[in-house]
Each structure stands twice: as C-alpha cells, then as structure tokens.
Amino acid sequence: MGTKTPGAIKRSVFTSPAEVEQSFYEALREADLDKLMQTWADDEDIVCIHPNGERLVGQQAIQTSWKEILSKGPLSIEAKIPVIFHHGMIVIHTVLERHYFATSMGQKEMLCHVTNIYQKSRNGWHMILHHASLAPPDTVLEDTHPTVSMLLH
C-alpha cells in the first residue's frame, strides 16, 4: 500500500481479520474513537465510505468523520451474514449491518450492505477499507443464513 501516517497513533496488533472486525464494531458500540482508529492500517491509502457519503481517503479524513459520528454517542450496530473471501494477505468481508436508532416515533432500524477489507502486514491485520451503502427497503435479514467463506487463488 502507500505511505505511513506521520505521528500515527499506536496500533493494536490483531491476529486475524475477525479480531479486527470484532474490535471495530465494539468501538462503534462504545463510541470509542481511539479504539476504532486502532483497527485501521497505518497507511494514508485507507478508504472509508459512509452510507450516502463521499469517499474519504487517509487517516485524517477518516478519523475526522468518525469523530463527528461518534460525538453523538454509541452506535447500535450488528454485523450479520458475513461472506468472506481470502486472498493471501488480503481478506474481504461483506456483511449486512443492522443499525438501531431511536426516533420520536419509537425504535427504528436501517440495513446497510458493507464491505470491509483487511490486510496483513508485519504489524498484524488491520482494516484498509470500510464501504457502507443503504440496503434497499425490501431487504430481508435472515439470521439463519450461513456464513460463506471462499479461498481465492
């Protein structure tokens, strides 16, 4: 990938993409920006795209966007139905995120299709891309759907 971030925060060492993903979603549920940013690779070529948002490239842009989002408090998000692609030092997870939020008319939920890409370096596994887009209104979430894992050559 590209260049390292000058003065970057200390990164956690994750031993698997699943461990990174677990920490990422825990950080969102805890509104913990530092923990969240530790899941990202120490690289300026990382990318984040929020639902209906622009493409954010680099540590500073990504951190600024998550700081604004998390300033409103913890997010209630579950990642479900993963499809996992393994390709050497890159692993791609596609998940369906279920977002819960309170409105004046009660509890609501929103579904997003999400792609998380993880890369292994000498510092362990870290996220290099998070891309979320709103799922169509007729999307059905079936908790019984099996996890699919594929090894790419």
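Residues numbered from 1 in each chain as written. Predicted model: local features only at pLDDT ≥ 70, side-chain atom pairs only at ≥ 80, totals over all residues. Heavy atoms only, no water.

In terms of strand pairing, strand β1 (residues 47-49) meets strand β6 (residues 124-134) through three bridges, oriented parallel. When the sheet's bridge partners are listed, Cys48 is paired in β6 with His130. Relative to β6, strand β5 (residues 106-121) is paired through ten bridges, and the arrangement is antiparallel. What sits directly across from Tyr118, in β6, is Met127. (Pairing = 2+ DSSP bridges. Helix = DSSP H or I, 4+ residues; strand = E, 2+ residues; numbered from the N terminus.)

In this structure, Phe24, Tyr25, Leu28, Leu36, Trp40, Ile62 and Trp66 are the most contacted members of the largest nonpolar core, which totals 29 residues. For this core, the leading source of residues is helix α1 (residues 17-30), giving five residues. Leave out the neighbours within four places in its chain, and Trp66 touches Phe24, Leu28, Leu33, Leu36, Trp40, Cys48, His50, Leu75 and His130. (Core = buried A, V, L, I, M, F, W, Y, C linked by side-chain atoms within 4.5 Å. Buried < 20%, exposed > 50% of the residue type's maximum accessible area, 1.4 Å probe, protein only. Contact = heavy atoms within 4.5 Å.)

The values reported here are purely geometric and, on their own, carry no functional implication.
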